[in-house]
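Letter by letter, the chains look like this.
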Amino acid sequence: LGKGEVYFDQGNGERYFGNTPEFNITIESENLDHFDSDHGIRTKDDSVVLEITRTGALTTDNMSKENVALFFLGDVSVVTQVATPVVGSALTSNATKGFFYQIGKTVANPQGVRGVTAVLIKKGATTLVLNTDYTLDAALGRIKLLETSVTLVGADVLTADYTPVANTRDRITTNNATS
């Protein structure tokens, strides 16, 4: 029964993974064998290693944000959200009944805002009606367009007015790193 602590070093010091009940390493190789058959019985006289594959697997019950970021070859950052009212934020240019939309989603903030108050969803100058045209999850900053809405006809352009609740939260993002 192997026991021990597992650490990971990305070049800037070792990080303890936390409790790791299982850790396995597998090494496989592919060989090119050569046989001498000059004397009746074929005899292996040489073998050259062509490829070595090393794999490892570990199970940890320490689901820290840093471990999740390592899994996705990513980074952990802190998102700070301020309570500044927003007017006319693009929500979607192709609204579809039955779909969910994230308020405050932008290229710079792809997960959108969390915690919203004073939400108004608009189709042009028309304000949609909460629980008639859409439902709101204010904690997650998400709306769902209702199938029963008569205001929405399909492929509508929607905007949102809202006030985000001031907060900070951790964000894990992947990056294009190859190691």
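Refer to the preceding data block for the structure.
Only a predicted model underlies this, so the values are computations on that prediction, with no experimental measurement involved. (Residues numbered from 1 in each chain as written. Predicted model: local features only at pLDDT ≥ 70, side-chain atom pairs only at ≥ 80, totals over all residues. Heavy atoms only, no water.)

### Let's talk about the pattern of salt bridges
Counted according to the given criterion, the structure contains four salt bridges. Note that Lys 123 is salt-bridged to Asp 156, the shortest N-O span being 3.4 Å. Remark: Asp 156 occurs in strand 12 (residues 156–164) and Lys 123 occurs in strand 8 (residues 116–123); sequence separation between them is 33 residues. Overall, Lys 123 belongs to the partly exposed group, its relative accessible area being 23%. (Salt bridge = Lys/Arg side-chain N within 4 Å of Asp/Glu carboxyl O. Helix = DSSP H or I, 4+ residues; strand = E, 2+ residues; numbered from the N terminus. Buried < 20%, exposed > 50% of the residue type's maximum accessible area, 1.4 Å probe, protein only.)

### Brief notes about the sheet that holds strand 12
With antiparallel pairing, four strands are arranged side by side in an open sheet as 6-12-8-9. Edge positions in the open sheet fall to strand 6 (86–95) and strand 9 (126–127), since each of these has one partner strand only. In terms of strand pairing, strand 6 meets strand 12 through five bridges, oriented antiparallel. Of the residues in strand 12, the one forming a bridge with Ala 90 is Thr 159. (Pairing = 2+ DSSP bridges.)

### Quick look at unusual backbone geometry
Its identity is not glycine, yet Leu 73 carries a phi of approximately 50°, on the positive side. Relative to the helices and strands, Leu 73 is located in the loop between helix 1 (65–71) and strand 5 (74–81). Among the residues examined, Leu 73 registers a relative accessible area of 41% and is labelled partly exposed. The residue Ala 155 is not glycine, and still its phi comes out positive at about 60°. Mapping Ala 155 onto the fold places it in the loop between strand 11 (142–145) and strand 12.

### Some points on the packing of aromatic side chains
Enumeration according to the criterion identifies three aromatic pairs in this entry. Measuring from centroid to centroid gives 5.4 Å for Tyr 7 and Tyr 16, while their planes differ by 45°, and the two rings are tilted. A relative accessible area of 42% means that Tyr 7 is categorised as partly exposed. Judged by relative accessible area, which is 39%, Tyr 16 ranks as partly exposed. Note on Phe 8 and Phe 17: the rings are 6.2 Å apart at their centroids and 45° apart in plane angle, and the pair reads as tilted. (Phe/Tyr/Trp six-rings, centres within 6.5 Å; stacked < 30°, edge-to-face > 60°.)

### Examining the sheet that holds strand 10 (residues 134–137)
The three strands are arranged 7-11-10 in an open sheet whose pairing can be described as antiparallel. Only two strands of the sheet have a single neighbouring strand rather than two, namely strand 7 (100–102) and strand 10. Strand-to-strand twist in this sheet, taken as the mean axis angle between neighbours without regard to direction, amounts to 25°. Of the pairings in the sheet, the one linking strand 7 to strand 11 comprises three bridges and is antiparallel in character. Residue pairing in the sheet places Phe 100 in a bridge with Lys 144 of strand 11. (Axes fitted to C-alpha atoms, helices over the stretch in contact; angles between N-to-C directions.)

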